[in-house]
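Examination of the molecular architecture
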Amino acid sequence: MRRLIIALLLFIDDHQVRMMLGLVFCLISLVHHMMVEPFKLKKSNTAETFSLSLLILFTAINLLKSVDGNTENFRKIDNHLIFILVIIENLMSIILILFILTNEFFSGNSQ
C-alpha cells in the first residue's frame, strides 16, 4: 500500500502539494507503526520509528524552504529560521549516519 501511495504522489505536478501530501502520509505511517509495532524485535521497531521521524523532519524542513521561495502565496520566512533549519537537518543527517554505523544497535540480545 505504501508503494502505491508513493507512486501516486509522483503524478502530482505541484512540488509543494506533493511534499505536503507526502508529509501527511509519513505522519499517518508513523502513527500506524507506533500503534501496531509490526516487527518482532523492539530495536527494529525503534529503528523504524526513528527513521520515519527523521523522514518527517526532513520533509517538513524542505517544505518550509520551498514555501520561502514561493512568496506570492505565503509570507516570507525569516532567513535566520531557514539557516537554523538547515543546521538541524545537517545535524540529524550526521546522527542518522552514526545511528546506522554503531554496532551496538545491531548487536546484542536485548529486545
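Preceding block: the structure.
An account of the accompanying structure is given in this report.

Rules of the game
- Residues numbered from 1 in each chain as written.
- Predicted model: local features only at pLDDT ≥ 70, side-chain atom pairs only at ≥ 80, totals over all residues.
- Heavy atoms only, no water.
- Axes fitted to C-alpha atoms, helices over the stretch in contact; angles between N-to-C directions.
- Helix = DSSP H or I, 4+ residues; strand = E, 2+ residues; numbered from the N terminus.
- Parallel < 35°, antiparallel > 145°, perpendicular 65-115°, else oblique.
- Left-handed = near helix turned anticlockwise from the far one by under 90°.
- Contact = heavy atoms within 4.5 Å.
- Nonpolar A, V, L, I, M, F, W, Y, C, P; charged D, E, K, R; others polar.
- Polar contact = N/O pair within 3.5 Å; in protein donor to acceptor, adjacent residues only side chain to side chain.
- Core = buried A, V, L, I, M, F, W, Y, C linked by side-chain atoms within 4.5 Å.
- Buried < 20%, exposed > 50% of the residue type's maximum accessible area, 1.4 Å probe, protein only.

Concerning the packing of helix 1 (residues 2-9) against helix 2 (residues 15-36)
Contact geometry for helix 1 and helix 2: axes closest at 10 Å, N-to-C directions at 170 degrees. Classed by the angle they form, the pair helix 1 and helix 2 counts as roughly antiparallel. Crossing geometry of helix 1 relative to helix 2 is assigned as right-handed. Between helix 1, through Arg2, Ile5, Ile6 and Leu9, and helix 2, the contact on the second element is made entirely by Arg18, Leu21, Gly22, Phe25 and Ser29. Classifying every residue of the contact of helix 1 with helix 2 by side-chain character gives five nonpolar, two polar and two charged.

A few points about unusual backbone geometry
Backbone phi values are negative for most residues with the exception of glycine, while trans is the configuration of most peptide bonds. For Glu37, which is not a glycine, the phi torsion comes out positive at approximately 45 degrees. The residue Glu37 is located in the loop between helix 2 and helix 3 (42-69) in this model.

Considering the side chain of Asn45
On the secondary structure map, Asn45 appears in helix 3. Within the structure, the side chain of Asn45 is placed 2.9 Å from the backbone oxygen of Phe39, a separation counted as a polar contact. Those residues in contact with Asn45, other than ones at most four positions away along the chain, are His33, Glu37, Pro38 and Phe39.

So, the nonpolar core
In this structure, Leu23, Cys26, Leu30, Leu52, Ile56 and Leu63 together form the largest nonpolar core, which totals six residues. Looking at this core, the elements that each hand over two or more residues are helix 2 and helix 3. Setting aside residues no more than four positions away along its own chain, Leu23 makes contact with Ile56, Thr59, Ala60 and Leu63.

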